[in-house]
Amino acid sequence: MQYDLVFEGGGAKGMVFVGAMQEFEARGHTHGRLLGTSAGAITAALLAAGYSSGEMLAALAETDENGHSVFASFMGEPSAPDPQDLQNSAVLELLKNIDLPLIPEAIETRLDEKIIQWIGKNAKGRHLLSFVDKGGWFSADNFLAWLRKKLDSGAFNGSARDFSRMTLSELFTATGKDLTLIGSDTTGGRMLALNHNTAPGLPVVYAVRMSMSIPLLWQEVVWMKEWGLYRGADITGHAIVDGGLLSNFPIELFLSDLKPVTEVMGPRVSAHALGMLIDESQGVPGAESGETANGFSVSGLETVKRISNLVDTMLSARDKMVIDAFDSMVLRLPAKGFGTTEFDMTDERKKLLVGAGKDEMKKYFNRQQAAAVSFAAETVDGEEVTAKANKLASRVLE
């Protein structure tokens, strides 16, 4: 049976999707349209590129030369700023606005220049510059390199994958897979549904990068002119971050038949929809919280811990109205005790998380003998599913 699939955001907790997809595939099901936010965007993009659950499981086991999970490197050290960046930095502007009593202005100016140059050369100082000037403590350059490698590894329909340089339009033409990734335009104050209809010229890797850019953790992505228009509008220079900031689980976009929605999302291709939700209230059997791999932790700084706690709180404030409305189409995947930024989790914790995802998908299908619910198969609070979805979808795309 074919499903339109929705994957929620949740950072490192998104590894649970791999286990869910193992059971999904084992039962012979296939996917139609794909929609993902943040960690869900990564999963959706890999599925669009033809990745199997087995290939994704192998990716989870990748390590660097020091034996640490390759995912831990996603929270990377910002590169050294060039002289022009330092001159334009808000940190330098702050220093200039601090008046030191009894110190001549010329000396203050030289002192400010020395301080900003020192900050730019210091590892923790570069994090500060990144946070203030680019909206995030960490660089995601290592993530981009990893994703490009994944999109050019293995085979798709008997030919070598070669998707890393493709735009969303080119990927759709090459694969036939209708992929939508959710981002948040903080400059324009609206949600972006990024796909071959709305942003045909946007590179796939940057669409994923935008969607996974958890605010304050990773640097914002600034829309480049060469990426073209979004739904006919020029948003060059707009800062784009994690779609979960505005809508982490917009399953209603797949259920609505309103023309303005289908113009964005494309026509229905499946009789069924299934949304995969990361549930922090549901425990993972055998797992405890707070572990890190071999004493290595990407969250050692108190500043990063505060940001991480803020992110966890923000992403746990879900689209509750939507989730409750379409409960029978929602698979709740356990992730209690796992952190949004726990990219350095041990192999054992990964195994437990993946296994929990597989078990929950098995339980879901055992409960739903007809497999999920068709768009028009039931009602929600006395309304047909499509009618309810139309109301919710029109709001989220406004």
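One can find the structure itself at the top, above this paragraph.
Residues numbered from 1 in each chain as written. Predicted model: local features only at pLDDT ≥ 70, side-chain atom pairs only at ≥ 80, totals over all residues. Heavy atoms only, no water.

Some details on the overall build of the chain
Put simply, the test is: Comment: elements are numbered from the N terminus, with helices defined as DSSP H or I runs of at least four residues and strands as E runs of at least two. A 1.4 Å probe rolled over the protein chains alone gives each residue an accessible area, and that area as a share of the maximum for its type sets the label: buried under 20%, exposed over 50%, partly exposed in between. In short, Shrake-Rupley with a 1.4 Å probe defines the accessible areas, and a residue's cover is counted only from the protein chains shown.
Regarding its fold elements, the chain presents 16 helices and 15 strands. Burial statistics for the chain: of 398 residues in total, 54% are counted as buried. Surface summary for the chain: the accessible area is close to 16900 Å², and the carbon and sulfur share equals 53%.

Side note on the packing of helix α1 (residues 16–26) against helix α3 (residues 53–60)
The following threshold applies: Helix axes are fitted to C-alpha atoms over the stretch in contact, other axes to C-alpha atoms as well, and angles between N-to-C directions run from 0 to 180 degrees. Just so you know how the angles are binned, under 35 degrees is roughly parallel, over 145 roughly antiparallel, 65 to 115 roughly perpendicular, and the rest oblique. It is the rotation of the near helix from the far one that decides the hand of a crossing: anticlockwise by less than a right angle makes it left-handed, clockwise makes it right-handed. In what follows, residue pairs with any heavy atoms lying within 4.5 Å of each other are defined as contacts. Residues are grouped as follows: nonpolar covers Ala, Val, Leu, Ile, Met, Phe, Trp, Tyr, Cys and Pro; charged covers Asp, Glu, Lys and Arg; every other residue, Gly included, is treated as polar.
As a packed pair, α1 and α3 sit with axes 9 Å apart at the nearest point and diverge in direction by 160 degrees. When the axes of α1 and α3 are compared, the pair comes out roughly antiparallel. As for how α1 packs across α3, the hand of that crossing is left-handed. Counted together, V18, M21, Q22 and E25 of α1 and S53, M56, L57 and L60 of α3 form the full contact between these two elements. A per-class count over the contact of α1 with α3 returns five nonpolar, two polar and one charged.

Description of the packing of aromatic side chains
Quick note on the threshold: Geometry of aromatic contacts follows a simple scheme: Phe, Tyr and Trp rings, the Trp one being its six-membered ring, pair when their centres are within 6.5 Å, and the pair is stacked under 30 degrees between planes, edge-to-face over 60, tilted otherwise. Charges are assigned to positions over rings by a cutoff of 6 Å between ring centre and Lys NZ or Arg CZ, combined with an angular limit of 35 degrees from the ring normal.
Scanning the entire structure with this criterion turns up 16 aromatic pairs. Seen from the ring of Y51, R161 lies directly overhead, with NZ or CZ sitting 3.9 Å from the centre. A cation over a ring is seen here: R349 above F338, with NZ or CZ 4.0 Å from the ring centre.

Things to note about helix α2 (residues 39–48)
For α2, a buried count of 10 out of 10 residues is recorded, marking the element as mostly surrounded by other parts of the structure. Looking at α2, one finds that the buried residues are A39, G40, A41, I42, T43, A44, A45, L46, L47 and A48.

Regarding the pattern of salt bridges
As a reminder of what qualifies: A carboxyl oxygen of Asp or Glu within 4 Å of a side-chain nitrogen of Lys or Arg is what we treat as a salt bridge.
All chains considered together, the criterion is met by 12 salt bridges. For E55, the salt bridge goes to R161, with nearest N and O atoms at 3.1 Å. In this pair, E55 sits in helix α3 while R161 sits in the loop between β5 (159–160) and α9 (168–175), placing the two residues 106 residues apart along the sequence. With relative accessibility at 3%, the residue R161 sits in the buried group. The shortest N-O distance in the salt bridge between E62 and K150 comes to 2.5 Å. On the criterion of sequence distance, the pair formed by E62 in the loop between α3 and α4 (83–87) and K150 in helix α8 (residues 141–151) is long-range, its members being 88 residues apart. Its relative accessible area of 22% is what places E62 among the partly exposed residues. The buried category is assigned to K150, whose relative accessible area is 9%.

Quick look at α9
Convention followed: The directions from the helix axis to the C-beta atoms form the arc being described.
All of the buried residues along α9 are L168, L171 and T175. An end-on view of α9 places all buried positions within 60 degrees of arc, on one side of the element. Buried residues in α9 make contact with α2, β4 (155–156), β6 (179–185), β7 (190–194) and α10 (204–211). One or two residues past the end of α9 sits G176, with phi positive at roughly 75 degrees.

What to know about the layout of surface pockets
Spelled out, the test is: Note on definitions: the grid is 1 Å and covers protein atoms alone; a cavity is a set of points where a 1.4 Å probe fits but cannot get out; a pocket is an open set with protein on both sides within 12 Å along at least five of seven lines; lining residues have an atom within 4 Å of a point. Grid points are joined across faces, edges and corners, and a volume is the space filled by probe spheres set on the points.
Quantified by volume, the largest pocket comes out at close to 460 Å³. As for the largest pocket, its lining consists of 24 residues, and the residues nearest its centre are S79, D85, K134, Q219 and E220. Of all the elements in the fold, those that place two or more residues in the lining of the largest pocket are α4, α7 (123–134), α8, α10 and β9 (221–222). Here the residues of the lining of the largest pocket sort into 11 nonpolar, six polar and seven charged.

Considering a nonpolar patch on the surface
Heads up, the rule is: Patch membership requires more than 30% relative accessible area and the absence of a salt bridge. Residues of like charge join within 9 Å; the nonpolar side chains Val, Leu, Ile, Met, Phe, Trp and Tyr join within 5 Å.
Taken together, the side chains of L94, I98, L100, I103, I107 and L111 define a hydrophobic patch exposed on the protein surface, amounting to about 480 Å² of accessible area. Checked against the element boundaries, I98 lands in the loop between α5 (90–96) and α6 (105–121). For I98, a relative accessible area of 41% puts it in the partly exposed group.

What to know about empty space enclosed by the protein
What the rule picks out here adds up to two cavities of 30 Å³ or more. Approximately 280 Å³ is the volume found for the largest cavity. Lining of the largest cavity is provided by 20 residues; of these, M15, A39, I42, L60 and F71 occupy positions nearest its centre. At the level of secondary structure, the elements contributing two or more residues to the lining of the largest cavity comprise α2 and α3. Per-element accounting of the lining of the largest cavity gives the leading share, four residues, to α2. Here the residues of the lining of the largest cavity sort into 16 nonpolar, four polar and no charged. Of the pockets and cavities examined, the second largest cavity occupies roughly 30 Å³. Lining of the second largest cavity is provided by L168, L171, F172, K177, L179 and H196. The leading source of residues in the lining of the second largest cavity is α9, at three residues. Here the residues of the lining of the second largest cavity are counted per class, giving four nonpolar, one polar and one charged.

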